[in-house]
Amino acid sequence: MGAARLTIDLDAICANWRALDALSGNDVETAAVVKADAYGIGALRVAKALADAGATSLFVALAEEGVAVRGMLGNQPDIYVFSGHMDGESDALASARLIPLLNAPEQMARHATNTPAHPFGVQLDTGMNRLGFEPSDWNDCRGELLESGPLLVMSHLACADEPDHPMNAQQLDAFRGMTDGISARRSLAATGGILLGPEYHFDLTRPGVGLYGGQPFGEARPAICLDVPVIQTRTVQPGESVGYGNAWTAAVPTKVATISAGYADGLMRSAAPGAVVFAGNTPCPVIGRISMDLVTVDVGGLQEIPAQLQVIGPNLSVDTFAEAAGTIGYEVLTSLGARYERVYLPQ
Ligand SMILES: *Cc1c(COP(=O)(O)O)cnc(C)c1O
């Protein structure tokens, strides 16, 4: 088989959800963020597994994503939409019973006009300046919004992956200032915010990346393995070079394996040089440039060439690969290729 195999451990994802849940009090609900196809892992399978494990609130970025998850899961659980109530989405939101997180006065007006009886939440901007009611708009609208009984009032932290960043306390203060005393349930923390401690947890937390084994949740169980078949091996002599642009030249005779995945599969070109892959527990450096469908690897350290080399797995987290590529685990996950054979465990 030519295609690389992506193995997704749904039990690990559920275990990560439980571990994140255990970090907050019993009165705090732990939701799950399954936007962008559950960070590239497969929203339908992941949402089903997490709902079966007990998650009762899911978050998506777009109404379309929510419609797909609703179709799979039936009536339960609650599905919140970060982008709120956008033009043309009223019917989809209502018929799939999605909960838009209203972001601005225009969205509030649209909701009141098109779907007045339909549940909603509110997203506030506490300094990230990306989504949510500005403090002044919130002042103007909060009476009317709160009267209709939002299911959730939330905001999002810009720097939660840096525990010492002063922005965290600043946003916490802003959120408290905007919401203390309201009766609606409140939410501020994603994965990073959960790790900042109880004062960030409020009534509901919204972890995403930590579920999928990524930083900043250092205790996460790895959730994916990527095993890439070796197509061919050869010995390259001193002075010979490998790959596009002759980017790597052998100094000594070197055994090179060519494996069957490349930047079209989300293995970013920028990860070479620097990336390593694994044969069992033995690291093997990537050499030359990463091609669209192929990566070349120095396998000189191996006694025996295995049928596959591992690009992501227990020895090599998405964040390690991301570091070689100059990016973050989130981007590696959401770039995972469509060509992979996907195997979900347990089946
Ligand atoms: C993506 C996102 C989350 C989840 O963030 P993680 O860092 O992946 O845990 C939570 N809330 C909002 C508003 C988001 O955009």
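Source: prediction; values computed, not measured.

### As for helix 7 (residues 135-147)
Look at helix 7: 18 Å from first C-alpha to last across 13 residues, which is about the 18 Å you get at 1.5 Å a residue. Most pronounced at Cys-141, the bend in helix 7 amounts to some 60°. Along helix 7, the positions that sit buried rather than exposed are Trp-138, Cys-141 and Leu-145. As for helix 7, its buried residues are in contact with strand 6 (99-102), helix 6 (105-114), strand 7 (121-123) and helix 8 (166-179). Just beyond helix 7, the residue with positive phi is Gly-149, at close to 70°.

### Details of the sheet that holds strand 5 (residues 78-81)
Taken together, the 7 strands give an open sheet; going across it, the order is 3-4-5-6-7-8-9, and neighbouring strands pair in parallel fashion. Both edges of this open sheet fall to strand 3 (32-33) and strand 9 (186-187), since each of them pairs with a single strand only. Of the pairings in the sheet, the one linking strand 5 to strand 6 comprises 2 bridges and is parallel in character. The partner of Tyr-80 across the bridge, within strand 6, is Ile-99.

### Some words on the nonpolar core
In terms of nonpolar packing, the biggest core is built from 80 residues, with Ile-13, Leu-50, Phe-59 and Tyr-212 touching the most fellow members. Split by domain, this core shows at least three residues from each of two domains, domain 1 (31-212) and domain 2 (224-345). With residues up to four places along the chain from it excluded, the contact list for Phe-59 reads Ala-31, Ala-32, Val-33, Val-34, Lys-35, Tyr-80, Phe-82, Leu-101, Leu-152, Met-154, Leu-204 and Arg-206. Membership of the second largest hydrophobic core comes to 21 residues, among which are Val-122, Leu-124, Ile-182 and Leu-196.

### Topic: helix 10 (residues 318-325)
Burial in helix 10 covers these residues: Val-318, Asp-319, Phe-321, Ala-322 and Ala-325. Along the axis of helix 10, the buried positions cluster into a sector of 160°, meaning they face one direction only. Its buried side turned inward, helix 10 meets strand 11 (224-236), strand 18 (308-312) and helix 11 (329-334). Phi for Gly-326, located one or two positions after helix 10, is positive at around 75°.

### Structural notes on the domain arrangement of the chain
The figure often quoted for interface size is the accessible area lost as the parts come together. Taken domain by domain, the chain consists of domain 1 (31-212) and domain 2 (224-345). A C-alpha centroid distance of 38 Å is found between domain 1 and domain 2. Taken together, the contact pairs 8 residues of domain 1 with 7 residues of domain 2. Interface of domain 1 and domain 2: buried area, both sides summed, is about 750 Å²; carbon and sulfur atoms make up 67% of it. Among the residues of domain 1 in contact with domain 2, Tyr-39, Ile-41 and Arg-45 are the three that bury the most area, contributing 56% of the side total. In this assembly, domain 1 and domain 2 are joined by 0 salt bridges. Residues belonging to the side of domain 1 that touches domain 2 are distributed by class as follows: 5 nonpolar, 2 polar and 1 charged.

### Notes on the site of the ligand
Surrounding the ligand, one finds 14 residues, the nearest of these being Lys-35, Tyr-39, Thr-191, Val-209 and Tyr-330. Contact between the ligand and Gly-208: an oxygen atom at 2.8 Å from a main-chain N or O atom of the residue. Within the complex, the protein chains bury 92% of what would otherwise be the 390 Å² of accessible surface of the ligand. For the shell around the ligand, a count of residues per class yields 8 nonpolar, 3 polar and 3 charged.

### Remarks on the environment of Asp-9
Among the structural elements, Asp-9 can be located in strand 1 (residues 5-9). With relative accessibility at 23%, the residue Asp-9 sits in the partly exposed group. Sequence spacing of Asp-9 and Pro-306 is 297 residues, and the spatial spacing of their C-alpha atoms is 23 Å. Not counting residues within four places of it along the chain, the set of residues in contact with Asp-9 comprises Arg-221, Ala-223 and Leu-345. A distance of 3.0 Å separates a polar side-chain atom of Asp-9 from the backbone nitrogen of Asp-11.

### Comments concerning the state of the cysteines
Inspection of the entire model under this criterion finds 0 disulfides. Cysteine Cys-284 remains unbridged, with the sulfur of Cys-225 as its closest cysteine sulfur at 16 Å.

### Considering the packing of helix 1 (residues 10-22) against helix 3 (residues 43-53)
Where helix 1 contacts helix 3, the axes come no closer than 10 Å and their chain directions differ by 50°. Viewed along their axes, helix 1 and helix 3 adopt a mutual orientation that is oblique. Pair helix 1 / helix 3 crosses with right-handed handedness. Side by side, helix 1 and helix 3 meet where Leu-10, Ile-13, Cys-14, Trp-17 and Arg-18 of the first sit next to Arg-45, Val-46, Ala-49, Leu-50 and Ala-53 of the second.

### Thoughts on the packing of aromatic side chains
Overall, the coordinates contain 5 aromatic pairs when judged by the stated rule. With 5.0 Å between their ring centres and 90° between their planes, Phe-175 and Phe-202 make a pair best called edge-to-face. Taken together, the positions of Phe-175 in helix 8 and Phe-202 in the loop between helix 9 (191-196) and strand 10 (204-205) put the pair 27 residues apart, joining distant regions of the chain. Each member of the pair, Phe-175 as well as Phe-202, carries the same accessibility label: buried. These aromatic residues form a ring-pair network of at least three members: Tyr-39, Tyr-212 and Tyr-330.

The rules behind these values
- Residues numbered from 1 in each chain as written.
- Predicted model: local features only at pLDDT ≥ 70, side-chain atom pairs only at ≥ 80, totals over all residues.
- Heavy atoms only, no water.
- Helix = DSSP H or I, 4+ residues; strand = E, 2+ residues; numbered from the N terminus.
- Expected span 1.5 Å × (residues − 1).
- Bend = angle between axes of the 7 residues up to and from the residue.
- Buried < 20%, exposed > 50% of the residue type's maximum accessible area, 1.4 Å probe, protein only.
- Contact = heavy atoms within 4.5 Å.
- Pairing = 2+ DSSP bridges.
- Core = buried A, V, L, I, M, F, W, Y, C linked by side-chain atoms within 4.5 Å.
- Domains from an automatic or database assignment.
- Arc of directions from axis to C-beta.
- Buried area = accessible area lost by both parts, 1.4 Å probe.
- Salt bridge = Lys/Arg side-chain N within 4 Å of Asp/Glu carboxyl O.
- Nonpolar A, V, L, I, M, F, W, Y, C, P; charged D, E, K, R; others polar.
- Near = heavy atom within 4 Å.
- Polar contact = N/O pair within 3.5 Å; in protein donor to acceptor, adjacent residues only side chain to side chain.
- Areas by Shrake-Rupley, 256 points an atom, 1.4 Å probe, with all protein chains shown as cover.
- Disulfide = S-S within 2.5 Å.
- Axes fitted to C-alpha atoms, helices over the stretch in contact; angles between N-to-C directions.
- Parallel < 35°, antiparallel > 145°, perpendicular 65-115°, else oblique.
- Left-handed = near helix turned anticlockwise from the far one by under 90°.
- Phe/Tyr/Trp six-rings, centres within 6.5 Å; stacked < 30°, edge-to-face > 60°.

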